[in-house]
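Letter by letter, the chains look like this.
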Amino acid sequence: DIQLTQSPSSLSASVGDRVTITCRASQGISKYLAWYQQKPGKVPKVLIYAASTLQSGVPSRFSGSGSGTDFTLTISSLQPEDVATYYCQKYNSAPRTFGQGTRVEIK
Amino acid sequence: EVQLVESGGGLVRPGGSLRLSCAVSGFTFGSYEMNWVRQAPGKGLEWISYISSEGRTIYYADSVKGRFTISRDNARNSLYLQMNSLRAEDTAVYYCARDYDFWGHFDYWGQGTLVTVSS
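Residues numbered from 1 in each chain as written. Chains lettered and ligands numbered in written order. Predicted model: local features only at pLDDT ≥ 70, side-chain atom pairs only at ≥ 80, totals over all residues. Heavy atoms only, no water.

A. The side chain of Gln6(A), seen in detail. Residue and element names in this part refer to chain A. Within the fold, Gln6 resides in strand S1 (residues 4-7). Look at Gln6 and you get buried, because its relative accessible area is 3%. Here the side chain of Gln6 touches Thr102 through a polar contact of 3.1 Å, side chain to side chain. Not counting residues up to four positions away in its chain, the partners in contact with Gln6 are Ile21, Thr22, Cys23, Trp35, Tyr86, Tyr87, Cys88, Gly99, Gln100, Gly101 and Thr102. (Helix = DSSP H or I, 4+ residues; strand = E, 2+ residues; numbered from the N terminus. Buried < 20%, exposed > 50% of the residue type's maximum accessible area, 1.4 Å probe, protein only. Polar contact = N/O pair within 3.5 Å; in protein donor to acceptor, adjacent residues only side chain to side chain. Contact = heavy atoms within 4.5 Å.)

B. Broad picture of the pattern of salt bridges. All told, the structure shown has 11 salt bridges over all chains when counted by the stated rule. Of the charged contacts in the structure, one is a salt bridge between Arg61(A) and Glu81(A), with a shortest N-O distance of 3.6 Å. Of the two residues, Arg61(A) is situated in the loop between strand S6 (53-54) and strand S7 (62-67) and Glu81(A) in the loop between strand S8 (70-75) and strand S9 (84-90); the sequence distance between them amounts to 20 residues. Relative accessible area serves as the criterion here: at 41%, Glu81(A) is assigned to the partly exposed category. Salt bridges sharing common partners tie together Arg38(B), Glu46(B), Arg67(B) and Asp90(B). (Salt bridge = Lys/Arg side-chain N within 4 Å of Asp/Glu carboxyl O.)

C. Representation of the sheet that holds strand S8 (residues 78-83) of chain B within the structure. Residues and elements named next belong to chain B. The strand order S1-S3-S8-S7 describes an open sheet built from four strands, whose pairing is antiparallel. Sheet topology places strand S1 (3-7) and strand S7 (68-73) at the edges, where each strand pairs with a single neighbour. Across the sheet, the mean angle separating the axes of adjacent strands is 15° when strand polarity is ignored. Here S1 pairs with strand S3 (residues 18-25) via five bridges, running antiparallel. Its bridge partner lying in S3, Val5 is registered against Ala23. (Pairing = 2+ DSSP bridges. Axes fitted to C-alpha atoms, helices over the stretch in contact; angles between N-to-C directions.)

D. Structural context of the interface of chain B and chain A. Listed by partner, the interface residues are 22 residues for chain B and 19 residues for chain A. Taken over both partners, the interface formed by chain B and chain A buries close to 1,600 Å², and the fraction arising from carbon and sulfur atoms is 64%. Of all residues in chain B, Leu45(B), Trp103(B) and His105(B) give up the largest surface area on contact with chain A, accounting jointly for 41% of the area buried on that side. Inspection of the region where chain B meets chain A yields one salt bridge. (Buried area = accessible area lost by both parts, 1.4 Å probe.)

E. Summary view of the environment of Asn92(A). Relative to the helices and strands, Asn92(A) is located in the loop between S9 and strand S10 (102-106). Sequence separation of Asn92(A) and Leu33(A) is 59 residues, and the distance between their C-alpha atoms is 8.2 Å. When residues no more than four places from it in sequence are discounted, the contact partners of Asn92(A) are Tyr32(A) and Trp103(B).

Right, here's the structure in full:
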């Protein structure tokens, strides 16, 4: 099975900072990767799919890139409402694995 | 408006059984693949099962294979998860989630239902 490894597992940054989260797949998955945001006590919400396509309604400060085995989620200017845990997921075949998550906090 | 509403969670003893339901509305249920995802307290997301739109193709995570059964009733707009031989490590919030398109990302999620396995 393909494993997804996210880094870092947590980060603390200041409002306005550029934040980057990486997701590495143990085998190539083309561009079949999504990023989800889960705020404390809330349901996960898709931000990015097909590695770089922004979900409708998601602020443009979020962006995704990558293909194959290495992927990145970038928040161009961190906002207080971005405090959440972020998960990557490969979805084109079973098992539809999630990464272990990256917790983002405000410094 | 697309809605997914889970029910059926609760407290169950180890070795017991529980059946979760996910009632959907706002879209043509029979045209979409569906999934169950769980989240143990304070832990990450774990995909556990997939069912195709007509119910003919099913997959499970190794952690639940042989104990859980996913099914659907397209006439009733409902998805189910029959959970048998429950263990303490099955304690989690269980979410149903819709595929955006065939083998796509998960675009809509329910609010979740908590299953607690404890004696």
